[in-house]
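# Structural characterization, general
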Amino acid sequence: MYSSLHEQSIMISSIPGSSASNLGYINDPFIHAFVKNSRMSPRKMPIINRGSYSRFVSLHAIIKSFLLSSSSDGPSKLDRQISESIVPRKYIEIDHVEVTSKKAFAIKKNKQMTNMIGEHKLASGGTELHGNVYALLGGDLRNWEKDIVPKLNSVGFDPNTPTLFLAECLFVYLPADTIDCILHWCANVPIASTVVAYDQIHPDDAFGQMMLENLKLRNIHLPGLLSCPTLDAHIERFKRAGFNTARAITMREHFDKHVSSDERARLARIEVFDEVEEWSLMADHYCISWAWQDRSAIQSDGGSVSSLATVGL
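Let me sum up the structure you'll find in this document. Being a predicted model, the structure only gives us computed values, none of them experimental.

What counts, and where the lines are drawn
- Residues numbered from 1 in each chain as written.
- Predicted model: local features only at pLDDT ≥ 70, side-chain atom pairs only at ≥ 80, totals over all residues.
- Heavy atoms only, no water.
- Pairing = 2+ DSSP bridges.
- Helix = DSSP H or I, 4+ residues; strand = E, 2+ residues; numbered from the N terminus.
- Core = buried A, V, L, I, M, F, W, Y, C linked by side-chain atoms within 4.5 Å.
- Buried < 20%, exposed > 50% of the residue type's maximum accessible area, 1.4 Å probe, protein only.
- Contact = heavy atoms within 4.5 Å.
- Axes fitted to C-alpha atoms, helices over the stretch in contact; angles between N-to-C directions.
- Parallel < 35°, antiparallel > 145°, perpendicular 65-115°, else oblique.
- Left-handed = near helix turned anticlockwise from the far one by under 90°.
- Nonpolar A, V, L, I, M, F, W, Y, C, P; charged D, E, K, R; others polar.
- Salt bridge = Lys/Arg side-chain N within 4 Å of Asp/Glu carboxyl O.
- Expected span 1.5 Å × (residues − 1).

## Let's talk about the pairing of strand β3 (residues 120–123)
Bridging between β3 and strand β4 (residues 128–131) involves four bridges; their strand directions are antiparallel. Following the sheet pairing, H120 is matched in β4 by G131. Between β3 and β4, which pair antiparallel one after the other, the connecting turn spans four residues, and S124 there sits at a positive phi close to 50 degrees.

Encoded structure:
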């Protein structure tokens, strides 16, 4: 099972991704269904396109490793060769009602997507989609236990199925007590779970302060960034919630260590990239973090053995 927790508007996150997709940085065949006139959208600066690329491929790598690890036989060489064909048993997406209503409409208009998600129905006045393999739910994550959990249960959330929770540009917008509540539930309700998050970090240095000031001018505040400002703080937050293992790296480290030389050569052919110093500075202020727990782990003489231990980059 795969649950996606979104807080940010589709349009805010999708427009930069549209530029990266149009240029060939990433392959997103459905972005045009969600961004009006996406093929005509302005070309973003190379540093923004690289950021969209890095965000996409890092999250994709962890999601893929989770699907491989939680398959019945665990990861293998053959699994990795056919990994692109592995899909979650069920995908549940949560966002504000204002966003889900637009997304439900866009999905219903797209025959390819409606065929992919199979049997489903509109719900909650057209703001939600409920189906066997896909559910789109509207709600406020600050009311996690009261509103969101009952909705998850109503669309078939199975705590006995290994579950990945994707929090993409989410936690920075939430207060610390809400994040702790969500993570504690994710760590203690499913029998096995992984959380992967993409967030900003380092609000206290000069670049971070400038970033916060620019956002304040747009009336955007990031309480979750201030409460969890470093990689170590992300790891500690996961462990405090009950996860066995947690990791966190900056996007600069991801690009430097996990993007192959062949892939870098491909990116260089897309467009000229001269913003090396600016990229290093910006990428150091974004991170990907992930954690897992598995109460179904097989017991051995050396302790418990979990297939989720292979989840990561």
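Let us keep going from here.
## Digging into the nonpolar core
By size, the foremost hydrophobic cluster in this structure holds 38 residues, and its most contacted members are Y53, V196, W279 and I288. Within the residue set of this core, elements represented by two or more residues are α2 (46–69), β6 (163–168), β7 (192–200), α8 (206–217), α11 (251–258), α13 (276–283) and β9 (286–294). With seven residues, α2 is the single largest residue contributor to this core. Ignoring any residue separated from it by four or fewer positions in sequence, one finds I288 in contact with S58, L59, I62, V196, A197, R247, A248, I249, M251 and L313. Counting 34 residues, the second largest nonpolar core, distinct from the first, contains I148, F157, F238 and A291.

## Observations regarding the packing of helix α7 (residues 176–188) against helix α10 (residues 231–241)
Packed helices, taken two at a time, are described by the angle their axes make and the gap between the axes. Across the interface, α7 lies against α10 with an axial gap of 8 Å and an inter-helix angle of 55 degrees. Between α7 and α10, the interaxial angle falls into the category oblique. The handedness of the crossing between α7 and α10 is right-handed. Side by side, α7 and α10 meet where I179, D180, L183, H184, A187 and N188 of the first sit next to R237, F238, R240 and A241 of the second. Class assignment for the residues of the contact of α7 with α10 results in five nonpolar, two polar and three charged.

## With respect to the environment of P162
As for its placement among the helices and strands, P162 is situated in the loop between α6 (144–154) and β6. For the pair P162 and I191, spaced 29 residues apart in sequence, the C-alpha separation works out to 6.5 Å.

## A word on unusual backbone geometry
Although it is not a glycine, C169 adopts a positive phi angle of roughly 55 degrees. Tracing the backbone shows C169 in the loop between β6 and α7. Under the relative-accessibility criterion, C169 is labelled buried at 8%.

## Let's talk about the pattern of salt bridges
Tallied over the full model, the rule gives 11 salt bridges. The partner of K216 in a salt bridge is E213, with the nearest N and O atoms 3.8 Å apart. Here E213 and K216 lie together in helix α8, a separation of three residues that amounts to about one turn. When the shortest N-O distance is used, the salt bridge between E253 and K257 registers 3.4 Å. Pair noted here: E253 and K257 are both in helix α11, with a separation of four residues, about one helical turn. We classify E253 as partly exposed; its relative accessible area is 27%. Put simply, R252, D256 and D284 are held in one network by salt bridges that share partners.

## Side note on α2
An α-helical turn contains 3.6 residues, so any two residues separated by three or four positions project in the same direction. With 24 residues, α2 extends 34 Å between its outermost C-alpha atoms, agreeing within 8% with the 34 Å of an ideal straight helix rising 1.5 Å per residue. α2 sits mainly inside the fold: 18 of its 24 residues count as buried.

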